[in-house]
Amino acid sequence: ARRNIQALQFVCRGEKQLMLAVVAELPRALRIASKQLRSDPQVVLAAVRRDGGALQYASEARRSDREVVAAAVAQDGRALQLAAQHLQADREVVLAAVAQNGQALKYATAALQADVEVVRVAVAQDYHAFRHAAQDLRSNRAALHVLLRQDGRLLRFLPEHLR
């Protein structure tokens, strides 16, 4: 298997069209691509559209690319943790991430963890995501009323005085 990977690495290293075909089938093969191809928006998009986790092998420039990160989190919300910090603060990107995987709320900025709409979308996908909501939001009665109407199971996460 190791020889096959080395052979594939040698053949694909600088060949964009070949790498596009490879990542379409094996998205994490992006890790064996040349630096240039790991920075190529077309190659990286092809990989992350199939497997958002392939973002880990993309260049820093692509991890800062809104289009690439949006595609990655749409496929796997947890890819938000691999994104540049300014995109972890981008409300639209975070909404897409938490809609796909509520637990991605963990990787959003504190401001977005305090955003009722972002938390509502995250909790709709996975009510356990409430654990990652900002402390202020978790004790805000108005916000809790909205969230509890959506999913009563959140009661288990509330302190006794707020139940």
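Computed from a predicted structure; not experimentally measured. (Residues numbered from 1 in each chain as written. Predicted model: local features only at pLDDT ≥ 70, side-chain atom pairs only at ≥ 80, totals over all residues. Heavy atoms only, no water.)

Trainee: Summarise the packing of helix H8 (residues 91–100) against helix H10 (residues 116–125); cite the residues concerned and give the values.
Mentor: The description of two packed helices rests on the angle between their axes and on the distance between the axes. It is at 7 Å that the axes of H8 and H10 come closest, and there the two elements cross at 20°. Classified by the interaxial angle, the pair formed by H8 and H10 is roughly parallel. In the packing of H8 onto H10, the handedness of the crossing is right-handed. Across the interface between the two elements, Arg91, Val94, Leu95, Val98, Ala99 and Gln100 from H8 touch Glu117, Val118, Val121, Ala122 and Gln125 from H10. Among the residues making up the contact of H8 with H10, the classes are represented as seven nonpolar, two polar and two charged. (Axes fitted to C-alpha atoms, helices over the stretch in contact; angles between N-to-C directions. Helix = DSSP H or I, 4+ residues; strand = E, 2+ residues; numbered from the N terminus. Parallel < 35°, antiparallel > 145°, perpendicular 65-115°, else oblique. Left-handed = near helix turned anticlockwise from the far one by under 90°. Contact = heavy atoms within 4.5 Å. Nonpolar A, V, L, I, M, F, W, Y, C, P; charged D, E, K, R; others polar.)

Trainee: How would you explain the pattern of salt bridges if you had to name every residue and give the values?
Mentor: In total, this model carries eight salt bridges according to the counting rule given. Ionic pairing is found between Arg66 and Asp90, a salt bridge with its closest N-O pair at 2.7 Å. Placement of Arg66 in helix H6 (residues 66–75) and of Asp90 in the loop between helix H7 (85–88) and H8 is noted, with a sequence separation of 24 residues between them. Judged by its relative accessible area of 17%, Asp90 is buried. Its salt-bridge partner being Arg120, residue Glu117 comes within 2.7 Å of it at the nearest N-O pair. A residue pair is termed a helical-turn pair when its members lie 3 or 4 positions apart in one helix, as Glu117 and Arg120 do in helix H10 at three residues. On the basis of relative accessibility, which here comes to 30%, the residue Glu117 falls in the partly exposed class. Residue Arg120 is classed as partly exposed on the basis of its relative accessible area, which comes to 28%. (Salt bridge = Lys/Arg side-chain N within 4 Å of Asp/Glu carboxyl O. Buried < 20%, exposed > 50% of the residue type's maximum accessible area, 1.4 Å probe, protein only.)

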